Amino acid sequence: MEHKAITDNFAGFQGFVEIKVYDGDRLVDVVCTPNIITFTATNIMARTLGMDQSYAPTHMWVGGTDFADLPGVPVVDRTDSSLSSSSDPGVNPIRVRRELPIVARSFLSVPTVSNTSPEQQTSNVVQFTAILPAIPEDGLPSVDGKSFFEAGIITKLGSTNLLFSHQFHAAIEKLNNFQLVYTWAIRFL
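What counts and what doesn't
- Residues numbered from 1 in each chain as written.
- Predicted model: local features only at pLDDT ≥ 70, side-chain atom pairs only at ≥ 80, totals over all residues.
- Heavy atoms only, no water.
- Salt bridge = Lys/Arg side-chain N within 4 Å of Asp/Glu carboxyl O.
- Buried < 20%, exposed > 50% of the residue type's maximum accessible area, 1.4 Å probe, protein only.
- Helix = DSSP H or I, 4+ residues; strand = E, 2+ residues; numbered from the N terminus.
- Contact = heavy atoms within 4.5 Å.
- Pairing = 2+ DSSP bridges.
- Phe/Tyr/Trp six-rings, centres within 6.5 Å; stacked < 30°, edge-to-face > 60°.

Trainee: Break down the pattern of salt bridges for me, with residues and values.
Mentor: Applying the stated criterion across every chain yields a total of three salt bridges. Arg-26 is the salt-bridge partner of Asp-23, the closest N and O atoms lying 3.7 Å from each other. Using a relative accessible area of 26% as the deciding quantity, one classes Asp-23 as partly exposed. A relative accessible area of 51% means that Arg-26 is categorised as exposed. Close ionic contact of Glu-99 with Lys-156 constitutes a salt bridge, the shortest N to O distance being 2.8 Å.

Here it is as structure tokens:
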């Protein structure tokens, strides 16, 4: 399977999610989709850049359901600031939710032909990665056979989860031994 760089897949978007599906060490599929940067996210990003580390993104939240209950791909509005999608008529019911810790944070800057402004700025990307493991951890029930179609990145502020971004994507069925690697990114223009 030929795989392009994440920045090649989303040359015109400011936010995007890439979900890689692995069967053991073998890459099976890659799902890429634009990501909605919510108004709440802009407030959280400003606080984080202002050195308020209590607002730094900490987890990804993923949702899915039984394969037979798949919704269409609902649209997320920039004003969406609720972690509960159960009120969204396009997602009823969600039967699987997982809160995945962010395991990697990275900055990606790909040199451009001219390596000068403004072209260079289109390659400044911040990425957050979380993993839905092949085998459930901490005694959680298996999600094999479930289909995942929703993801959001959250900031945990005490006992409150603040939705940083939110998106729906084409359904990915989590088969036995499959691991889903979520990479959420924002491009600074």
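From this point, the discussion proceeds with the structure in view.
Trainee: Report on the environment of Leu-162, specifying residues and quantitative values.
Mentor: With respect to the element layout, Leu-162 can be found in strand β8 (residues 160–173). Put simply, Leu-162 and Pro-57 are 105 residues apart on the chain and 9.1 Å apart in space, counted from C-alpha to C-alpha. When residues no more than four places from it in sequence are discounted, the contact partners of Leu-162 are Ile-44, Tyr-55, Ile-153, Ile-154, Thr-155 and Leu-157.

Trainee: How would you summarise the pairing of strand β7 (residues 146–157) if you had to cite specific residues and measurements?
Mentor: Of all the 12 residues making up β7, 10 are buried; the element is thus mostly covered by neighbouring parts of the structure. In terms of strand pairing, strand β4 (residues 59–66) meets β7 through eight bridges, oriented antiparallel. Looking at the pairing, Gly-63 lines up with Glu-150 of β7. Here 10 bridges tie β7 to β8, and the two strands are oriented antiparallel to one another. In the strand pairing of β8, Gly-152 is matched with His-166. What sits between the antiparallel neighbours β7 and β8 is a turn of two residues, in which Gly-158 has the positive phi angle 65 degrees.

Trainee: I'd like a description of the pairing of strand β1 (residues 15–23), backed by residues and values.
Mentor: Two elements, β1 and strand β2 (residues 26–34), share eight bridges in a ladder whose sense is antiparallel. From the neighbouring strand, Val-21 faces β2, where its bridge partner is Asp-29. Linking β1 to β2, which pair antiparallel, is a turn of two residues; within it Gly-24 sits at a positive phi near 65 degrees.

Trainee: Tell me about the packing of aromatic side chains, and name the residues and values.
Mentor: Counted according to the given criterion, the structure contains two aromatic pairs. Relative to Trp-184, the ring of Phe-128 lies with its centre 5.5 Å away and its plane at 40 degrees, an arrangement referred to as tilted. With a gap of 56 residues between them, Phe-128 in strand β6 (residues 124–132) and Trp-184 in strand β9 (residues 178–188) connect regions that are remote in the sequence. Assessed through its relative accessible area of 8%, Phe-128 is described here as buried. Arranged with centres 6.5 Å apart and planes meeting at 15 degrees, the rings of Phe-149 and Phe-168 form a pair that is stacked. Separated by 19 residues along the polypeptide, Phe-149 in strand β7 and Phe-168 in strand β8 bring together distant segments of the chain. Given a relative accessible area of 6%, Phe-168 falls into the buried group.

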